[in-house]
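# A closer look at the structure
So you can see what is in the structure, the chains are spelled out below.
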Amino acid sequence: MAGTILMGKPIADKITEDLTRELATMKEKYNMIPSLASILVGDDPASKSYAGRQQKSAAKIGINYTLHELPGDISENKLINFIEDLNRDNSMNGIMLQMPLPKGMDEQKVQSAISLKKDVEGITPANMGLIVYDKPRLCPCTALSAIKLVEATGVEIYGKELTVVGRSAIVGKPVALLMLQRKYSATTTICHTATAKVGTLPKHVGNADILIVAAGSPELVKGDWIKDGAVVIDVGFNWVNGKTVGDVEFEVAKEKASFITPVPGGVGPLTVNILLQNTIEATKWQME
Ligand code: NAP
């Protein structure tokens, strides 16, 4: 029997509802409206359109959103100074940096300039370190979105076999580390290109009760590798012959999975809401 298609939109709508309620309470109790500063360097059209979507979603729930558009030829030092000014600006609660930065800039160095409590994308070394300590505060949005989807299935995570395909700093590693937290306690395996090269990717995929794939390789994971009844979260977003496809061979995989996210429509719709959720979390952290 085909598995349940796990759509992101209803979960995203529920997050919007919860955040709207939380913002109303913050306003009533503390007269506080969180503010998010978004930095766009250069004129990458995809980043611009993403920033536009963020702005619309922020306005919908009542978060102040300011887009700072900086020239593509700004120096790395000037960009870092700009971020440091925002760090000191008490009227700003969150700072996010639209990616990619212009060629030649050290993205990690620039991201690391964002102060811990304003790091709404959860990408600074300090926030990543808190995940390792099992004390996460602000976590990468896509990793949290994948976990929200797993939680939405209601499937027990404790002690289950989790395989993550991909070890990037913004998705694969944080999602694996978050699922290792005691509150979830998944038994976690992380795969990458070396796993594929030595030929053990099908084995690790086949072992997974919960599979999270973030490789950026179209239909890398074949449907018939998947364990019967597995929960499959496909983070991949690839453009092939004018169509978006995931990292999992969806049509075959959906016959084996108990729950599976489609691409598009699975993880994608959640990420902006999680960013806004992080902005509220950051604001609360600054008020502690
Ligand atoms: P990334 O930085 O390129 O990392 C990809 C990871 O996958 C790497 O660890 C790489 O292994 C591994 N990998 C690539 N090809 C592989 C293969 N053939 N076999 C096994 N492992 C392989 O990518 P990312 O930023 O994590 O993004 C991953 C995917 O998620 C992309 O498609 C991206 O567009 C998508 N994404 C979607 C959203 C969303 O909102 N829906 C947000 C972020 C990302 P090595 O480390 O060995 O190179």
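Above: the structure in question.
Predicted model only: the values in this text are computed from it and were never measured. (Residues numbered from 1 in each chain as written. Predicted model: local features only at pLDDT ≥ 70, side-chain atom pairs only at ≥ 80, totals over all residues. Heavy atoms only, no water.)

### Looking at the overall build of the protein
Threshold: In this description a helix means any DSSP run of H or I spanning at least four residues, a strand means any run of E spanning at least two, and both kinds are numbered starting from the N terminus. As defined in this context, the radius of gyration uses C-alpha atoms, and a globule is described by 2.2 Å times the residue total to the power 0.38. Relative accessibility under 20% of the residue-type maximum defines a buried residue, over 50% an exposed one, and the middle range a partly exposed one, all with a 1.4 Å probe and only protein chains included. In what follows, residue pairs with any heavy atoms lying within 4.5 Å of each other are defined as contacts.
Check the secondary structure of the protein and you find 11 helices and 11 strands. Taking 2.2 N^0.38 as the reference for a compact globule, 288 residues should give roughly 19 Å; the C-alpha atoms of the protein span a radius of gyration of 19 Å, in line with that estimate. Dimensions along the principal axes, computed over C-alpha positions, put the protein at roughly 50 × 45 × 40 Å. In the protein, buried positions account for 47% of the 288 residues. If you take every contact in the protein between residues at least 6 apart in sequence, the share linking residues at least 24 apart comes to 73%.

### What to know about the nonpolar core
We apply this condition: Within this scheme, the nonpolar core is defined by two criteria: the residues are buried Ala, Val, Leu, Ile, Met, Phe, Trp, Tyr or Cys, and they are joined through side-chain atoms within 4.5 Å.
Ranked by internal contacts, the top residues of the largest apolar core, which has 52 residues, are Leu36, Ile63, Met179, Ile212, Ile233, Val235 and Leu276. Ranked by residue count, the leading element in this core is helix H11 (residues 268–287), at 8 residues. In this structure Leu36 touches Ile63, Asn64, Tyr65, Thr66, Met92, Gly94, Ile95, Met96, Val120, Leu275, Leu276 and Thr279, once residues within four positions along its chain are discounted.

### Thoughts on the environment of Glu288
With respect to the element layout, Glu288 can be found in the segment after H11. Note on Glu288: relative accessible area 66%, which makes it exposed. The spacing of Glu288 and Gly223 is 65 residues in sequence and 47 Å in space, taken between C-alpha atoms.

### Section: the pattern of salt bridges
Our working definition: A pair is scored as a salt bridge if a Lys or Arg side-chain nitrogen falls within 4 Å of a carboxyl oxygen belonging to Asp or Glu.
All told, the structure shown has 13 salt bridges when counted by the stated rule. Residue Lys48 is joined to Glu69 by a salt bridge in which the shortest nitrogen-to-oxygen separation is 3.4 Å. Of this pair, Lys48 sits in helix H2 (residues 45–61) while Glu69 sits in strand S3 (residues 64–70), and the two are 21 residues apart along the sequence. Judged by its relative accessible area of 38%, Lys48 falls in the partly exposed class. Residue Glu69 is classed as partly exposed on the basis of its relative accessible area, which comes to 47%. In the salt-bridge network here, residues are joined through shared partners; they are Lys14, Glu17, Asp18 and Arg21.

### Remarks on H2
Our working rule: Helix span, expected: 1.5 Å multiplied by one less than the number of residues in the helix. The directions considered for the arc run from the helix axis to the C-beta atoms.
Taking 1.5 Å of rise per residue, the 17 residues of H2 would be expected to cover 24 Å, and the 25 Å separating its terminal C-alpha atoms lies within 8% of that figure. Among the residues of H2, those classed as buried are Ser47, Ala51, Gln54, Ala58 and Ile61. Along H2, the residues classed as buried sweep out an arc of 95° about the axis, all on the same side. Across from the buried face of H2, at angles greater than 90 degrees, the exposed residues are Pro45, Ala46, Lys56, Ala59 and Lys60. On its buried face, H2 sits against helix H1 (8–30), strand S2 (35–41), S3, strand S4 (94–97) and H11. The positive-phi residue at the C-terminal boundary of H2 is Gly62, with phi of around 100°.

### Some thoughts on the pairing of S2
Filter applied, for reference: Seen with its strands pointing away from the viewer, a crossover is right-handed when the path leading from the first strand over the helix to the second is clockwise. When DSSP finds two or more bridges between two strands, those strands count as paired.
Counting buried positions along S2 yields 7 of 7 residues, so the element is predominantly enclosed. Taking every second residue as pointing to the same face, both faces of S2 are buried, with Ser35, Ala37, Ile39 and Val41 on one and Leu36, Ser38 and Leu40 on the other. For the crossover from S2 across H2 to S3, the handedness is right-handed. Pairing of S2 with S4, which is carried by 4 bridges, proceeds in the parallel orientation. For Ile39, the partnering residue across the bridge sits in S4 and is Leu97.

### Concerning H1
Counted at 1.5 Å a residue, the expected span for H1 with its 23 residues is 33 Å, and the 32 Å between its end C-alpha atoms agrees. Of the positions making up H1, those classed as buried are Gly8, Ile11, Ala12, Ile15, Thr16, Leu19, Leu23 and Met26. For H1, the secondary structure elements touched by its buried residues are H2, helix H6 (141–153) and H11.

### Quick notes on the sheet that holds strand S8 (residues 231–234)
The pairing of strands in a sheet happens through backbone hydrogen bonds and is either parallel or antiparallel. Ordered in space as S1-S11-S8-S7-S5-S6, the 6 strands form an open sheet in which the pairing is parallel. Looking along the sheet, the strands with just one partner apiece sit at the ends: strand S1 (4–5) and strand S6 (187–191). Relative to strand S11 (residues 259–260), S1 is paired through 2 bridges, and the arrangement is parallel. Note on S11: the bridge partner recorded for Thr4 is Phe259.

### Thoughts on a nonpolar patch on the surface
The test is simple: Residues with no salt bridge and a relative accessible area higher than 30% make up the patches, which join like charges within 9 Å and nonpolar side chains (Val, Leu, Ile, Met, Phe, Trp, Tyr) within 5 Å. Values of accessible area rely on a 1.4 Å probe in the Shrake-Rupley scheme; residue burial ignores everything except the protein chains shown.
On the surface, Val132, Tyr133, Leu177 and Leu180 cluster together to form a nonpolar patch covering roughly 420 Å² of accessible area. Within the secondary structure, Leu177 is located in helix H7 (residues 172–180).

### Overview of the sheet that holds S3
Rule in force here: All axes here are fitted lines through C-alpha atoms, helices being fitted over the stretch that makes contact, and every angle between N-to-C directions spans 0 to 180 degrees.
In space, the 3 strands of this open sheet follow the order S3-S2-S4, with parallel pairing throughout. Each having just a single partner strand, S3 and S4 make up the two edges of the open sheet. Pairwise comparison of adjacent strand axes, ignoring direction, gives a mean angle of 20° for this sheet. Along the sheet face, H2 touches S2, S3 and S4 and points at about 160° away from the line of S3.

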